[in-house]
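One-letter residues, chain by chain:
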Amino acid sequence: MQPVQDAVAYFAGYDKAMTMLPTYAMLEEKARTLGFLKVGLLPVEHITIARDGLAQWLGLGYHGEMQWMADHLDKRLDPGSLMPDTKSILCVALNYYPGAVAANQLKVARYAQGDDYHHVLKDKLKALLQWLQAFDDTIAGRPLVDSAPIMEKTLAVQAGIGWQGKHSNIITPEAGSWVFLGELLLNITFPDAPTPIPVRNFCGSCTRCITACPTQAITEPYVVDATRCISYWTIEYKGDTIPQPIAENMAGWIFGCDICQEVCPWNVKRQQPTQEPAFLPRPWNKAPRPEEILAISPERFKTRYRKSPVKRAKIHGLQRNVTAALQYQKPQSAPQDTK
Ligand code: SF4
Ligand code: SF4
């Protein structure tokens, strides 16, 4: 190639690189217009994931039947390996707080009252990726929402999304812990992106979540034994009968459990209604009626729980949960939040 042609080719590439890529500030702005509460960019070289905590948790069998938690440990420790040429991971949080749970006889966890977050969050991450690709079609990305072995809470902490509370959920200073997490793996990074600063842990001497857990599933600060957690038994467990020590403490929770989050002072202070219409409660999840669930037909179940997290329990699991919750129903208590 002639020197002049070389220069033209060089500057054509230079121009594209320098003028076509958005800044990180533009990316943040776009993410906010898509509804994300928080975003943080982690260059892969900034990521550190300790093997010990996870290995110890798995070694104690705290994952129960969730074998997928133990699989692909190497990938969990090296999230950059989940896509070729990963340079950075954009971590996001989306507020889903749908409001108070009434003192119903039966209750569904807030995260599951509306549409399935997997679809909602992934669509938003795909939209963000497409927006980037409109600037430069060589940008590659992989949106993740529980769809790959990744330590999303560790990454969220390192990306400055929030801190990990003693109940193990991520707490954002802006809206508490009622947030979904997602990640977008990218083959680029942004020179203007600030170095991520982890949020300070504000749990302090508080132990409300530990004390409030009716099954003592939070065995020590930041460690949850899933095999004692109502969420695990009502969502992940596939067997026929909920063990009595769990069932007699279900307090009406038939899919998930919000007790440790309801009592957290950061939620009491900071929770704010979601702006995402898809997360608004479906009536049968806001006030589940036992007689309806116990008599529901497969066709009705399929229609009613289409694109709902509750579908995961299947009819058998949901009816099992209702039966267990009713068996040991205690007098109703008042709702623990007021918004
Ligand atoms: S979700 Fe419920 S059972 Fe599980 S740790 Fe929290 S309070 Fe305990
Ligand atoms: S209840 Fe207290 S200890 Fe538990 S996560 Fe909230 S602030 Fe931390």
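Residues numbered from 1 in each chain as written. Chains lettered and ligands numbered in written order. Predicted model: local features only at pLDDT ≥ 70, side-chain atom pairs only at ≥ 80, totals over all residues.

**Structural notes on the overall build of the protein chain**
The helix and strand tally for the protein chain stands at 15 helices and ten strands. In terms of overall dimensions, the protein chain is globule-like: its C-alpha atoms have a radius of gyration of 22 Å, near the 20 Å expected for 339 residues. Here the protein chain holds 339 residues, and 38% of them are scored as buried. In the protein chain, of all internal contacts separated by at least 6 residues, the share reaching a separation of at least 24 is 81%. (Helix = DSSP H or I, 4+ residues; strand = E, 2+ residues; numbered from the N terminus. Rg over C-alpha atoms; globule rule 2.2 N^0.38 Å. Buried ≥ 20, exposed ≤ 12 C-beta atoms within 10 Å, placed from the backbone. Contact = placed C-beta atoms within 7 Å.)

**Topic: the site of ligand 2**
In the neighbourhood of ligand 2, the contacting residues comprise Gly165, Lys166, His167, Cys203, Cys206, Thr207, Arg208, Cys209, Val263, Cys264, Pro265 and Trp266. Split by domain, the residues of the shell around ligand 2 number at least three in each of domain 1 (3-103 + 112-186) and domain 2 (208-272 + 281-327). (Near = placed C-beta within 6 Å. Domains from an automatic or database assignment.)

**Observations regarding the sheet that holds strand S2 (residues 88-95)**
Across the sheet, four strands lie side by side as S1-S2-S7-S4; this open sheet has antiparallel pairing. Among the strands making up the open sheet, the edge pair consists of strand S1 (38-43) and strand S4 (141-144). For this sheet, the mean angle separating the axes of adjacent strands, direction not counted, is 20°. Of the strand pairs in this sheet, S2 and strand S7 (residues 179-186) are connected by eight bridges, and their pairing is antiparallel. What sits directly across from Ala93, in S7, is Leu181. Relative to S7, helix H5 (residues 117-135) is tilted by about 35°, and along the sheet it contacts S2, S4 and S7. (Pairing = 2+ DSSP bridges. Axes fitted to C-alpha atoms, helices over the stretch in contact; angles between N-to-C directions.)

**Some remarks on the site of ligand 1**
In the vicinity of ligand 1, the contacting residues are His167, Cys213, Thr215, Ala217, Ile218, Val224, Cys229, Ile230, Ser231, Cys257, Ile259 and Cys260. Mapped onto the shell around ligand 1, the elements with two or more residues apiece are helix H8 (230-236) and helix H10 (259-262). Split into classes, the residues belonging to the shell around ligand 1 amount to nine nonpolar, three polar and no charged. (Nonpolar A, V, L, I, M, F, W, Y, C, P; charged D, E, K, R; others polar.)

**Some points on unusual backbone geometry**
The residue Asp85 is not glycine, and still its phi comes out positive at about 65°. The topology assignment puts Asp85 in the loop between helix H4 (73-77) and S2. In this structure, Lys314 is a non-glycine residue whose phi angle is positive, near 60°. Within the secondary structure layout, Lys314 lies in helix H15 (residues 314-327). For Lys314, a count of 14 C-beta atoms within 10 Å puts it in the partly exposed group.

**Some thoughts on the environment of Ala93**
Checked against the element boundaries, Ala93 lands in strand S2. A tally of 25 C-beta atoms within 10 Å means that Ala93 is categorised as buried. A C-alpha to C-alpha distance of 7.0 Å links Ala93 and Ile161, two positions 68 residues apart in sequence. Non-local contacts of Ala93, meaning those with residues more than four positions away in its chain, are made with Phe36, Leu37, Lys38, Ala156, Ile161, Thr172, Val179, Phe180 and Leu181.

**Here we look at the nonpolar core**
In globular proteins that are soluble, nonpolar side chains generally tend to be buried together. Counting residues in each nonpolar core, the largest one holds 77 residues, and the members touching the most others are Cys91, Ala93, Leu94, Tyr96, Ala156 and Val179. Split by domain, this core shows at least three residues from each of two domains, domain 1 (3-103 + 112-186) and domain 2 (208-272 + 281-327). (Core = buried A, V, L, I, M, F, W, Y, C linked by C-beta atoms within 7 Å.)

**As for helix H2 (residues 24-33)**
Of the positions making up H2, those classed as buried are Leu27, Glu28 and Ala31. Angular distribution of buried residues about the axis of H2 spans 100°; they occupy a single face of the element. For H2, exposure combined with an orientation more than 90 degrees from the buried face picks out Ala25, Arg32 and Thr33. Contacts from the buried residues of H2 go to S1, S2 and H5. Immediately beyond the C-terminal end of H2, within one or two residues, lies Gly35, with a positive phi of roughly 105°. (Arc of directions from axis to C-beta.)

**Observations concerning the confidence of the model for the protein chain**
Mean pLDDT for the protein chain: 91, with 91% of residues reaching 70 or above. Counting contacts from residues 1-18, a segment whose pLDDT is below 50, to residues more than four positions away or on other chains yields one contact. Note on residues 334-339: pLDDT is under 50 here. Beyond four places in sequence and across chains, it has 16 contacts. (pLDDT = per-residue confidence, 0-100.)

**What about the pairing of S2?**
Strand residues, when the strand is regular, have side chains that alternate between the two faces of the sheet. The element S2 is extensively covered by neighbouring structure, given that eight of its eight residues are classed as buried. Residue alternation in S2 divides its side chains into two sets, Ser88, Leu90, Val92 and Leu94 and Ile89, Cys91, Ala93 and Asn95, and both sets are buried. Looking at chain direction, S1 and S2 are connected through six bridges and run antiparallel. In the strand pairing of S2, Leu42 is matched with Ile89.

**Digging into the domain arrangement of the protein chain**
Once the domains are mapped, the protein chain shows domain 1 (3-103 + 112-186) and domain 2 (208-272 + 281-327). Per-class residue counts for the side of domain 1 that touches domain 2 are eleven nonpolar, 14 polar and five charged.

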